[in-house]
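Next come the chains, spelled out residue by residue.
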Amino acid sequence: MDARARVTAVLGPTNTGKTHYAIERMLAHRTGVIGLPLRLLAREVYDRIVAQRGPSVVGLVTGEERIVPDRCQYWVCTVEAMPLDIGADFVAVDEIQLCADPDRGHVFTDRLLRARGLHETLFLGAETMRGAIAGLVPGVTFLKRERFSELTFTGSKKISRMPERSAIVGFSVDNVYAIAELIRRTKGGCAVVMGALSPRTRNAQVALYQNGDVDYLVATDAIGMGLNLDIKHIAFSATAKFDGHRMRQLYPQELAQIAGRAGRHTENGTFGVTGEARPFDDTVIEAIEEHRFDPVRKLHWRNHDLEFGSAERLIASLERHTHDPWLTRARDADDVLALKALFEMPEVKDKLTGPKRVQLLWDVCRIPDFRNAGGGEHTSLLARIFDFLVGRGLGGGKVPSDWMKKAVERIDKPGGDIDTISKRLAYIRTWTYVAQRKGWVEDESHWREETRAVEDRLSDALHAALTQRFVDRRTSVLMRRLKQKETLVAEVNDKGEVTVEGEFAGRLEGFRFSQDASASPDQARVLRTAAVQALRPEFHLRADKFYNAADTEMDFTEQGGLMWGTSAIGKLVKGGEITKPTVEAFVDEEAGEEVAEKVRRRLQHFIDRKVATQFEPLLAMGRDETLQGLAKGFAFRLAEGLGVLDRGVIAAEVKELDQEARSALRKHGVRFGQYTIFQPALLKPAPTRLRLVLWSLWNGLSEFPESPPPGLVTIPNIAAVPKPHYTLAGYHPAGTRAIRIDMLERLADILRQKDTKAGFEATPDMLSITGMTLEQFSDLMGGLGYKGDKGERVKVKAAAVLVPVEVDPNAPLNPITEEESAFVRPEEPAAESEEAAAPEMEVFYTFTWAPKPRFQRPERAPRPEGAAARGPRKEGDAPQGERKPRGDRSGDRGADRGPRKEGDAPQGERPQGERRHGKPQGERSGDRAGKPQGDRGDRGDRGGDRKGGKPNRDDRQKSFEARPPRVEKPIDPDNPFAALMALKGKL
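As the structure is a computational prediction, the values presented were derived from the model and not from experiment. (Residues numbered from 1 in each chain as written. Predicted model: local features only at pLDDT ≥ 70, side-chain atom pairs only at ≥ 80, totals over all residues. Heavy atoms only, no water.)

**Some thoughts on the confidence of the model for the chain**
(1) Moving on: Across the chain, pLDDT averages 80, with 77% of residues at or above 70.
(2) Moving on: The least confident element of the chain is helix 31 (residues 953-958), whose mean pLDDT is 42; the most confident is strand 6 (residues 90-93), at 96.
(3) Moving on: When the criterion is pLDDT under 50, residues 855-861 qualifies, and its contacts beyond four places in sequence or with other chains add up to 8 contacts.
(4) Moving on: Note on residues 863-963: pLDDT is under 50 here. Beyond four places in sequence and across chains, it has 179 contacts. (pLDDT = per-residue confidence, 0-100. Helix = DSSP H or I, 4+ residues; strand = E, 2+ residues; numbered from the N terminus. Contact = heavy atoms within 4.5 Å.)

**Points about the packing of aromatic side chains**
Centre-to-centre distance and the angle between the planes together describe a pair of aromatic rings.
(1) Moving on: This structure, assessed with the given rule, holds 17 aromatic pairs.
(2) Moving on: On the numbers, 5.9 Å between centres and 40° between planes, the contact of Phe153 with Phe280 is tilted. Here Phe153 is found in strand 9 (residues 151-156), whereas its partner Phe280 is found in the loop between strand 16 (269-273) and helix 8 (282-290), with 127 residues between them in sequence.
(3) Moving on: By relative accessible area, Phe280 is classed as buried at 9%.
(4) Moving on: Between Phe546 and Trp564, the aromatic rings sit 5.0 Å apart at their centres with planes inclined by 55°, giving tilted as the arrangement. On the criterion of sequence distance, the pair formed by Phe546 in helix 18 (residues 521-547) and Trp564 in strand 24 (residues 561-564) is long-range, its members being 18 residues apart.
(5) Moving on: When its relative accessible area of 0% is taken as the criterion, Phe546 is described as buried.
(6) Moving on: Taking relative accessible area as the criterion, Trp564 reaches 12% and is therefore assigned buried.
(7) Moving on: Taken together, Phe760, Phe777, Tyr786, Tyr845, Phe847 and Trp849 form an aromatic cluster joined through their ring pairs. (Phe/Tyr/Trp six-rings, centres within 6.5 Å; stacked < 30°, edge-to-face > 60°. Buried < 20%, exposed > 50% of the residue type's maximum accessible area, 1.4 Å probe, protein only.)

**Digging into the pattern of salt bridges**
(1) Moving on: Summed over the entire model, instances satisfying the criterion amount to 51 salt bridges.
(2) Moving on: Taking the shortest distance from any N to any O, the salt bridge between Asp387 and Lys351 comes out at 3.4 Å. Of this pair, Asp387 sits in helix 13 (residues 375-390) while Lys351 sits in the loop between helix 11 (346-349) and helix 12 (355-365); the two residues are 36 residues apart in sequence, bridging distant segments of the chain.
(3) Moving on: Residue Arg752 is joined to Asp749 by a salt bridge in which the shortest nitrogen-to-oxygen separation is 2.2 Å.
(4) Moving on: Residue classification places Asp749 among the partly exposed residues on the basis of a relative accessible area of 29%. (Salt bridge = Lys/Arg side-chain N within 4 Å of Asp/Glu carboxyl O.)

**Considerations on the side chain of Thr239**
(1) Moving on: Tracing the sequence through the fold places Thr239 in the loop between strand 13 (233-236) and strand 14 (240-242).
(2) Moving on: For Thr239, the side chain forms a polar contact with the side chain of Gln249, separated by 3.2 Å.
(3) Moving on: Dropping the residues within four chain positions of it, Thr239 is found in contact with Gln249, Leu250, Arg278 and Phe280. (Polar contact = N/O pair within 3.5 Å; in protein donor to acceptor, adjacent residues only side chain to side chain.)

**Considerations on the sheet that holds strand 2 (residues 32-36)**
(1) Moving on: Strand order in the open sheet made by the 8 strands is 4-3-5-2-6-7-1-8, with mixed pairing throughout. Every other strand in the sheet has two partners, leaving strand 4 (66-67) and strand 8 (141-144) as the edge strands with one partner each.
(2) Moving on: Bridging between strand 3 (residues 58-61) and strand 4 involves 2 bridges; their strand directions are antiparallel. Bridging across to strand 4, Val61 finds its partner in Arg66.
(3) Moving on: Against the sheet, helix 2 (residues 39-53) touches strand 2, strand 3, strand 4 and strand 5 (74-78), its axis set at about 170° to strand 3. (Pairing = 2+ DSSP bridges. Axes fitted to C-alpha atoms, helices over the stretch in contact; angles between N-to-C directions.)

**Brief notes about the environment of Asp658**
(1) Moving on: Mapped onto the secondary structure, Asp658 falls in the loop between helix 22 (651-656) and helix 23 (659-666).
(2) Moving on: You can call Asp658 partly exposed: its relative accessible area is 44%.
(3) Moving on: Counting along the chain gives 27 residues from Asp658 to Ala631, while the straight-line C-alpha distance between them is 8.9 Å.
(4) Moving on: Polar contacts involving the side chain of Asp658 include one to the main-chain amide nitrogen of Ala661, which spans 2.8 Å.

**Focus on a negative patch on the surface**
(1) Moving on: Together, Asp402, Glu442, Asp443 and Glu449 give the surface a local cluster of negative charge.
(2) Moving on: Inspection of the secondary structure assignment puts Asp402 in helix 14 (residues 401-411). (Patch = residues over 30% accessible without salt bridge, like charges linked within 9 Å, V, L, I, M, F, W, Y side chains within 5 Å. Areas by Shrake-Rupley, 256 points an atom, 1.4 Å probe, with all protein chains shown as cover. Lys, Arg positive; Asp, Glu negative; His and termini not counted. Charge placed at Lys NZ, Arg CZ, Asp CG, Glu CD.)

**Some points on the sheet that holds strand 26 (residues 580-585)**
(1) Moving on: With antiparallel pairing, 4 strands are arranged side by side in an open sheet as 23-24-25-26. The open sheet has two edge strands with one neighbour each: strand 23 (554-556) and strand 26. Taken pair by pair, the neighbouring strands of this sheet meet at an average axis angle of 30°, ignoring direction.
(2) Moving on: Judged from the 4 bridges that link them, strand 24 and strand 25 (residues 567-577) form a sheet pairing that is antiparallel. From the neighbouring strand, Met563 faces strand 25, where its bridge partner is Ala568.
(3) Moving on: Here helix 19 (residues 593-614) sits on the sheet and contacts strand 23, strand 24, strand 25 and strand 26; the angle it forms with strand 26, its principal contact strand, is near 150°.
(4) Moving on: Those strands touched by helix 24 (residues 685-698) are strand 23, strand 25 and strand 26, and its axis lies near 65° from that of strand 25.

Structure below.
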């Protein structure tokens, strides 16, 4: 330790902030250790430090619990479990006045003498320790702390007249239970706190009191050791207790330690007596109120320098006396008594063959008697554990897992009454202690988790049993109603459930309260009044939290609802413009107009920013003052459609736009597609979802269409869904599917390069764009006005590539052996086996432009004979279905069309581009106007019915005669399929 290290004794009564000061000082150092008198208090301090520094650097070490992270910097421990050899910068010991306690005093005295931090050491306790510390710790500095509030004696009160926020103290379990039962009958219920409770049960019971579920606390003197509770009055039901050896009167300083829990921080407190307890003497009252007590004269001490050479030497070292006038040898504690008892057992004495086994026996004897089972039963258990740990041979042993499992399973039973569960908790604490010792069990991590889980289950069961027995929620609520209390305690949990004095009152959804309908009429009135009164501040807190919440915490539903997390807090209402909806907030009248207005303003801000963000290109186009004339009008029309318009509906307006107007609109991202006019940025999922909601609001729909899931190129085309809904969703119906608008326009760009009259086949690019199979694509093309002729043909496989192999001319030839020659059949050509296999066929579609006519076309004269039959395409001709490029097709040529004249092809269905003079490509004068290219009768083997080689349209449409036999042509020997045709003839 550094010679300049400070040792400070912070002394004073309760409610002076000593523990808080120690925590602050420890966190100011890099590492620290703090020792506390109770496991319950250690857990409380641990939780406070974890809240500030996180669990990765804070450890908790008690007899039954060990949480030590890898990078542990701050150790929170019971005084017995404090590590003294880790070299921490800071060390603190709380309640140092327990050095004078006959049972545990020797442990605190040892820490006073030996526990030191490298840079700072604090001893926290009562002013009575000043002389002893000054006499035993050289160079110590004293720091006196004054109480924050006053403590006043109020005399005796009956339990039935006990003020609220009171704690009644008893000194036995039976006394505590009797008082708790009386309070349940007269006051509605109370919480119970005892030192024997597990931290989990104690915290749950304290929460009942701290949260206002009950106004009374019944406890043992365990609350005197640093547990900070919201207590206004302390009442003693007795002034004497059994200290483990005899009944005795409580010392004034002990009474002051407990009474000091009344009053928190600067709030004054009172103390008194109740029941059969007699009022205190005036001298005791004065001492407690003024915090003046006799100083401590003697500290209990036990030698820490133990000798493990033999059991006799160990016992002798434990019984060693001291000559220091401030110290007195402590009486034999439970561990020393257990050591002496075990040493007398022959089966144990025979195993003490060396110092290591003597030390192991001492470690076993230090297992606390949590069960208070008495000397014989506890000693037998220790002997059994020692026998397991000694094992066979020098290597030692461990407690067997199967034996441990049976012991734990006998305890792991959450059912039963309070006493039964309490005993099981005491039993499991023994095995929790054993599991925490390093090397005592076979699977340490498993048994530590298992015993902790069993303790938690038993703790929860004990809390439930205590609450069920000592809390009558209905009576508590009725007592408040009879007294006409102005303020009642209500609580809103994370699920929105509202409880009033522990009674379920209803649910708070956003800013609306829905009362529980299961309560009786009297209870309902009380609960409603209490809930409304209690929720008023909650409404204001929620309104402030909501007003300052980020937009990411809010959302709108596809039916126009407005959500804050999972709570509905409003809805959208039609406004003056389609892009400017208003909001209606869902707020109860009891919340007040101020809360309602704050919620409404925040919702309006949210939806305004949402529209401005999602429709920024559309709104920017509307603000563009450079748009004039037809361009400005078309921009307004596009704004009405929220960035997406069906071109067929506005064909006349599109045709009236000149190139200058179109260019101005294109600067804002407007695309003039063949089927749709749209802004591509507004086809994303978020703007699409908002567009459907705004359009539905504007048109007054009772049920809004929902947006498709994002990422789908096509969706089902449902007949019951109107086409405008698909357009607003960013899709165009075609066949049994609807294709996304931007993908459709990409497909249209490819189709404009095809000869739609002669026919063309689907390319991989087309199928890739749509994500469809060939059959699905055929259905889609049918919905777009194309006819798909299905056919089959021999699948052409890629020719094998021959790789030349270098052969060494000097290498000897490898002639065919006699065995190999047996497999060679010169008289049977290999071609026959190939001819025996059937050729692999593939399905293909030939698409031609075939829109459904909107009027009855007149009968046409028979076509000239020369135009009907065409021979097969010669080598060098353009591939079927491919059109030769005609100059530059960039821009919107072929997409921007004017209104259709009578007799023209349907608007938006014909994929041909426009010529500069306005006449569609492919149109012919006379009776052939509007006929797709390629619709010229036969083309190769794909023609219609023939009569003398001359096609007749009427015959093809009305004749049911069989086709005349086709004249077989001689097989071209150069044809690659000649072998297949020859094989067909043989078969």
